[in-house]
Amino acid sequence: MPQPWQDTSLSAEDRAAALLSSMTLEEKLAQLVGVWPGSEAEEGEDVAPLQHEVSEAVDLDGLLPHGIGQLTRPFGTSPVEPAEGAVALARLQARIAAGNRFGIPALAHEECLTGFFAWRATVFPTPLAWGASFDPALVGRAAELIGGSLRSAGIHQGLAPVLDVVRDARWGRTEESIGEDPYLVATIGTAYVRGLESTGIVATLKHFAGYSASRGGRNHAPASIGPRELADVILPPFELAVRDGGARSVMHSYNDLDGVPSAANPWLLTELLRDTWGFTGTVVADYFGVSFLELAHRVADSRGGAAGLALAAGVDVELPAVRCFGTPLRDAVRAGEVDEALVDRAALRVLRQKCELGLLDEDWSPVPSALAGAVDPAGPADLDLDLDLDLDPPEMRAVARELAEESVVLLADDGDVLPLAPDARIAVVGPLADDPAAMLGCYTFPRHVGVEHPGLPLGIEVPTLLAALRAELPGARITHAEGCAAPRPAASAGDAGGVASAGAAALTAESRLAQAARTAADADVCVAVLGDRSGLFGRGTSGEGCDVADLELPGEQGALLDTLVATGTPVVLVLFTGRPYALGRWSRLLAAAVQAFFPGEEGGPAVAGVLGGRVNPSGRLPVSVPYTSGGQPWTYAQPPLGLGGNNASSIDPTPLFPFGHGLSYTSFAWERPEADATDVPTDGETTVRLTVRNTGDRAGTEVVQLYLHDPVARITRPVSRLIGYARVPLRPGESAEVHFSFHADLASYPLGADGTRVVEPGALELRLASSSADSGVRHTVPLTLTGPERTVDHRRRMVCEVRVK
């Protein structure tokens, strides 16, 4: 006879409540903490903020009698063969369940920003590349595959997606974000959530909220942001992912908002997230975020005090390991400093989620699907030596390739060089031309963990651009030169070397430049391959903790590009980066420019396909590419006084390539725009349609973007903001009709400082455009909203539905 909490005929809420009523305080607290197996044994650099300063040895045997809430990164902490890792996790889960009187296993979580965060697992393009694809359906498909891979190995929760809207591209975590526009971030991110959740994996939204709005683009810095900007830019992606995506977990951010740290903000984590949006899942701490209330924010004077603040605000689980929610919180509860009802509230949420995941079912087994039949379910001990847990199967590589191809952006093309001639003499120059790391962001296993294990193979095949070009164009004569050293973070003031070493380095740099110039001069075309090398906490030029002072190309790469252009050989610039860089210095000197945002393991063949013409580029910029490095921070959705091109300031932030920009090898005509109605009630809608025709001689995909212009409002509004988009694939001569369903709710804006949104009557303009710039506007459709002013809330229409016929 099953216990009440094992009875699947009851609701998850009732089952969790029945179990909670039988638990001691220590047993309830045990469900609110994580354990990070193996982290204390890792002696390399930190892979989480202040990891080695804050981490403490874990007495697993001492914890087992009370239970364990979560297991942190069982695959993403150190290299392990996938099958061996799955067996080790199953063994540990069996031990945890057997060690407590209720048989409760842990919930295992893993990073999954670019795929299953494990050695030998597929590395998909980084989220900035998702944004460049403008393809929610494909991103959702990738998430489904990632979720299935996680589930097959025994993982329950994925720490993705990042829904931080880029506010300052100098921020190192720009590569982890989807873009600078909240609508693009919301729709792409929600598609990822749906895909992950469809496989039974709990998607975790991060970082809630304001993390990307930090001062100066500095990681962990306070966020200087007003309530209207918060409501209009930062919150909508989280709101949509909770409401329409069904996300079951949220991770608080490290920053403070107006002096209140997110981990201690009851308005954010309870009043808004739960009471207003109706979120019913779990709020988990960003790693060591509860401890930071004491150690960094200094709003608590003890571990117990930090635990009490976080718990009261709405944090349910301390990650990655127990430090505050264990003994310090227990003592605070017993001393009457923290209400035990807050512990019960959090524990009920955790237990309810474990019920939903099947972890409290009577027939639960620690053996995941990938090990079924290979391991004894009663006590996993023996691994079938022939078992091969393939985390990089052909299907996943194929989707990774497709997403990489769709995300490549052709920034500029003079029409004379690209696609490359199949028999051309091609000089491939640059420090990233023959480096697999050029494809990989900081939240990929090779760049996050693998670099701490010298000699460790990548574990997956990651073709470089040089190798991919040789395969793509076998008839071409391809030569190669590095040109300069690989990009690395700027040395600190205390790192200055001696005169002799500096002189030797200068000679080496001169010889590299000279060789590069000779190689380029002897070719018909030079492909300059430049960009970032990702890392963590100052160990890269892009990535978590790798913020930059400006948006100049890292290291010696600007000088190298100058040298190559000076040879007179046409130069095609290829960028593999985690952020946009200022390119105005070369805007009139390049034959073409191609942007790829850490495109993953298939990025080399994807970019080679674009260069060789097999792939017709269809990527569009998810972030603006600046002309100069000044004028930051800046994004396209500015009110009139935020734009450049006037004499009010000597700094003009107008970008070289705007948000939404991207070229194709074919041409498109946009014809016959019309609306069903141009007078629309403030609670009504209309359909706007447009015919798109491929007028070129090859198949291609156009990306039609719909922007809203509100001429007059009671607060300053962006001159233009994205409210819809559609990918339109067409063969030569083929046409299609694009239908946008515009609802008046999409014109709402936060009038009150409390986030209250209104739809007001008056004139609007819909702009059908190929980019966010005025020059990208192809057609305008005037509308008038009629009737009374309306107040709308989180139930408003947030998405412009699109059909392509």
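Residues numbered from 1 in each chain as written. Predicted model: local features only at pLDDT ≥ 70, side-chain atom pairs only at ≥ 80, totals over all residues. Heavy atoms only, no water.

Caption draft 1: Molecular detail of the overall build of the chain. Looking only at helices and strands, the chain has 21 helices and 27 strands in total. The C-alpha extent of the chain, read off along each of the three principal axes, is 75 × 70 × 50 Å. Considering the chain as a whole, with its 805 residues, one finds that 61% of them fall into the buried category. Put simply, 79% of the contacts in the chain that link residues at least 6 apart link residues at least 24 apart. Here the chain contributes 63 positive and 103 negative side-chain charges, whose respective centroids are spaced 3 Å apart. (Helix = DSSP H or I, 4+ residues; strand = E, 2+ residues; numbered from the N terminus. Buried < 20%, exposed > 50% of the residue type's maximum accessible area, 1.4 Å probe, protein only. Contact = heavy atoms within 4.5 Å. Lys, Arg positive; Asp, Glu negative; His and termini not counted. Charge placed at Lys NZ, Arg CZ, Asp CG, Glu CD.)

Caption draft 2: Focus on the pairing of strand β3 (residues 107–111). With five of five residues buried, β3 is to be regarded as a mostly interior element. Side chains L107, H109 and E111 of β3 all project onto a buried face; the interleaved residues A108 and E110 project onto the opposite face, where all are buried too. Looking at chain direction, strand β2 (residues 70–72) and β3 are connected through three bridges and run parallel. Among the inter-strand pairings, Q70 is bridged to a residue of β3, identified as L107. (Pairing = 2+ DSSP bridges.)

Caption draft 3: Quick peek at helix α13 (residues 303–313). Among the residues making up α13, those that are buried are G304, A306, A307, G308, A310, L311 and A313. Contact partners of the buried residues in α13: α11 (266–276), α12 (289–295), α14 (327–334) and α15 (340–356). One or two positions beyond α13, positive phi appears at G314, with a value near 130°.

Caption draft 4: The arrangement of empty space enclosed by the protein in detail. In the structure shown here, the tally under the stated rule is 11 cavities of 30 Å³ or more. In this structure, the largest cavity encloses a volume near 100 Å³. Residue lining of the largest cavity: 15 residues in total, with A169, E180, S624, Q632 and W634 positioned closest to the centre. Residues belonging to the lining of the largest cavity are distributed by class as follows: nine nonpolar, three polar and three charged. (1 Å grid on protein atoms, 1.4 Å probe; cavity = no way out; pocket = protein on both sides within 12 Å on 5 of 7 lines; lining within 4 Å. Points joined across faces, edges and corners; volume = space filled by probe spheres on them. Nonpolar A, V, L, I, M, F, W, Y, C, P; charged D, E, K, R; others polar.)

Caption draft 5: Just the pattern of salt bridges, in detail. The full count for this structure, using the stated rule, is 52 salt bridges. The closest approach of N and O atoms between E340 and K28, which form a salt bridge, is 2.8 Å. In this pair, E340 is assigned in helix α15 and K28 in helix α2 (residues 25–30), connecting sequence segments 312 residues apart. With a closest N to O distance of 2.8 Å, D232 and R717 form a salt bridge. With a gap of 485 residues between them, D232 in helix α9 (residues 227–234) and R717 in the loop between β19 (700–709) and β20 (721–730) connect regions that are remote in the sequence. Classification of R717 by relative accessible area gives buried; the value is 10%. Here the salt bridges share partners, and the residues they tie into one network are D392, R397, R401, E405, E472, E601, E602 and R614. (Salt bridge = Lys/Arg side-chain N within 4 Å of Asp/Glu carboxyl O.)

Caption draft 6: Region of the structure containing the side chain of T577. In this structure, T577 sits in strand β14 (residues 571–577). Assessed through its relative accessible area of 0%, T577 is described here as buried. Here Q595 takes part through its side chain, which lies 2.9 Å from a polar atom of the side chain of T577. Apart from the residues within four sequence positions on either side, T577 is in contact with G531, D532, Q595, A596, F597 and F598. (Polar contact = N/O pair within 3.5 Å; in protein donor to acceptor, adjacent residues only side chain to side chain.)

Caption draft 7: Representation of the nonpolar core within the structure. F208 and F325 are the most contacted members of the largest nonpolar core, which totals 172 residues. Ranked by residues supplied to this core, first place goes to helix α8 (residues 182–197) with eight residues. In contact with F208, not counting residues within four places along its chain, are L235, F238, V250, M251, H252, S253, S262, L268, L269, L272, L273 and W277. Residues L418, L466, V529 and V615 belong to the second largest nonpolar core, which totals 39 residues. (Core = buried A, V, L, I, M, F, W, Y, C linked by side-chain atoms within 4.5 Å.)

Caption draft 8: Seen up close, the sheet that holds strand β15 (residues 592–597). Spatially, the six strands line up as an open sheet ordered β10-β15-β14-β13-β11-β12, and their pairing is mixed. Only two strands of the sheet have a single partner each, and these edge strands are β10 (409–413) and β12 (477–481). Direction aside, the axes of adjacent strands within the sheet are offset by 20° on average. Where strand β11 (residues 425–429) lies against β12, five bridges are found, and the strand directions are parallel. When the bridges of β12 are listed, V429 appears paired with A481. Contacting β13 (525–531), β14 and β15, helix α21 (residues 603–612) crosses the sheet at an angle of about 160° to β14. (Axes fitted to C-alpha atoms, helices over the stretch in contact; angles between N-to-C directions.)

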